[in-house]
Amino acid sequence: MPFKNAACLLIAMLGLWACNQAQDNTTQTEQHEDISGRTFLSLKGDTLAPVQKSEEEWKAELEDQAFHVLREAGTERAFTGKYWDNKKEGVYTCAGCGLPLFSSKTKFKSGTGWPSFWDPIRPEHVLLETDSSYGMSRTEVLCARCGGHQGHVFDDGPPPTGLRYCINSVSLDFVEGAEMKGGKP
């Protein structure tokens, strides 16, 4: 596995370590913002309601790794996800509820082994929360419609935002050739 610098190696090691750690998802769920009164936009611009399901319903619908990442804030291993090196044009949606989250137009090669984006497709489609797990403080990225864990955002990305949304492939689906109606860019 090639690493361009020590920072990439550290990020990959933390991802592997985090992948093997158990996390109390009750605490994780309790800290999520209330989404019951919000509405969201589909790829076609239709209004979508929030998705709220029990953990048992999520477990029945999602594959084991997707459940672990989306509902228990797990992490897939670096360089193993299906989208980390995807170069096709389209829109990345939440694998839990289908909400459009990121455009291929904001995707960039970060060298970390996870899909990286410099901006969400619509700011109201993601929730950002403080994540103090594993003895560090990071900003967690969640799907605003279903509360599914996507990854984390860091301030070491490219212009114009300077942000790097580091997202798990298993948290995403990809709609090739799609564009967001009323979204950006």
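Residues numbered from 1 in each chain as written. Predicted model: local features only at pLDDT ≥ 70, side-chain atom pairs only at ≥ 80, totals over all residues. Heavy atoms only, no water.

Caption draft 1: Seen up close, the overall build of the protein. Counting its regular elements, the protein contains four helices and eleven strands. Burial statistics for the protein: of 185 residues in total, 48% are counted as buried. In the protein, of all internal contacts separated by at least 6 residues, the share reaching a separation of at least 24 is 61%. (Helix = DSSP H or I, 4+ residues; strand = E, 2+ residues; numbered from the N terminus. Buried < 20%, exposed > 50% of the residue type's maximum accessible area, 1.4 Å probe, protein only. Contact = heavy atoms within 4.5 Å.)

Caption draft 2: Highlighting the sheet that holds strand β10 (residues 164-167). Read from one edge of the open sheet, six strands run β5-β6-β10-β9-β8-β7, paired in antiparallel fashion. One side of each edge strand has no neighbouring strand; the edge strands of this open sheet are β5 (107-108) and β7 (126-131). Strand direction decides the pairing type here: strand β8 (residues 138-143) and strand β9 (residues 149-154), joined by four bridges, are antiparallel. Paired with E140 across the two strands is H152, which belongs to β9. (Pairing = 2+ DSSP bridges.)

Caption draft 3: Examining the packing of aromatic side chains more closely. All chains considered together, the criterion is met by seven aromatic pairs. Look at Y83 and Y92: their rings are 5.6 Å apart centre to centre, the planes differ by 80°, and that puts the pair in the edge-to-face class. Judged by relative accessible area, Y83 falls into the buried class, the value being 11%. Within the aromatic cluster, the residues linked to one another by ring pairs are Y83, Y92, F102, F117, Y165 and F174. (Phe/Tyr/Trp six-rings, centres within 6.5 Å; stacked < 30°, edge-to-face > 60°.)

Caption draft 4: Examining the pairing of β7 more closely. Sheet topology places β7 next to β8; six bridges connect them, and they run antiparallel. In the sheet register, V126 faces β8, and the bridge partner there is C143.

Caption draft 5: Examining the sheet that holds strand β11 (residues 172-176) more closely. Strand order in the open sheet made by the three strands is β4-β3-β11, with antiparallel pairing throughout. For this open sheet the edge positions go to β4 (100-103) and β11, each flanked by a neighbour on one side alone. Across the sheet, the axes of successive neighbouring strands diverge by a mean angle of 30°, strand direction being ignored. Bridge analysis of strand β3 (residues 90-94) against β4 gives three bridges, and the strand direction is antiparallel. (Axes fitted to C-alpha atoms, helices over the stretch in contact; angles between N-to-C directions.)

Caption draft 6: Main features of the side chain of E76. Its location among the elements puts E76 in the loop between α4 (64-72) and β3. Buried charge without a salt bridge: E76, with K82 as the nearest opposite-charge side chain at an N-O distance of 8.4 Å. Of the polar contacts made by the side chain of E76, one reaches the backbone nitrogen of S169; its length is 2.4 Å. In this view, E76 contacts Q65, V69, G81, W114, N168, S169 and V170; residues no more than four positions away in its chain are not counted. (Lys, Arg positive; Asp, Glu negative; His and termini not counted. Salt bridge = Lys/Arg side-chain N within 4 Å of Asp/Glu carboxyl O. Polar contact = N/O pair within 3.5 Å; in protein donor to acceptor, adjacent residues only side chain to side chain.)

Caption draft 7: Molecular detail of the nonpolar core. Within the largest apolar cluster, 30 residues are counted, with the highest numbers of intra-cluster contacts made by L101 and F102. Sorting the residues of this core by element identifies α4, β3, β4, β7, β8, β10 and β11 as the ones contributing at least two each. Not counting chain neighbours up to four residues away, the residues in contact with F102 comprise V91, Y92, F117, D119, P120, I121, V126, Y165 and I167. (Core = buried A, V, L, I, M, F, W, Y, C linked by side-chain atoms within 4.5 Å.)

Caption draft 8: Expanded view of the state of the cysteines. A full pass over the atoms with the stated rule returns zero disulfides. Unpaired in terms of disulfides, C97 finds its nearest cysteine sulfur in C143, a separation of 3.5 Å. C97 sits in the buried class, given a relative accessible area of 16%. (Disulfide = S-S within 2.5 Å.)

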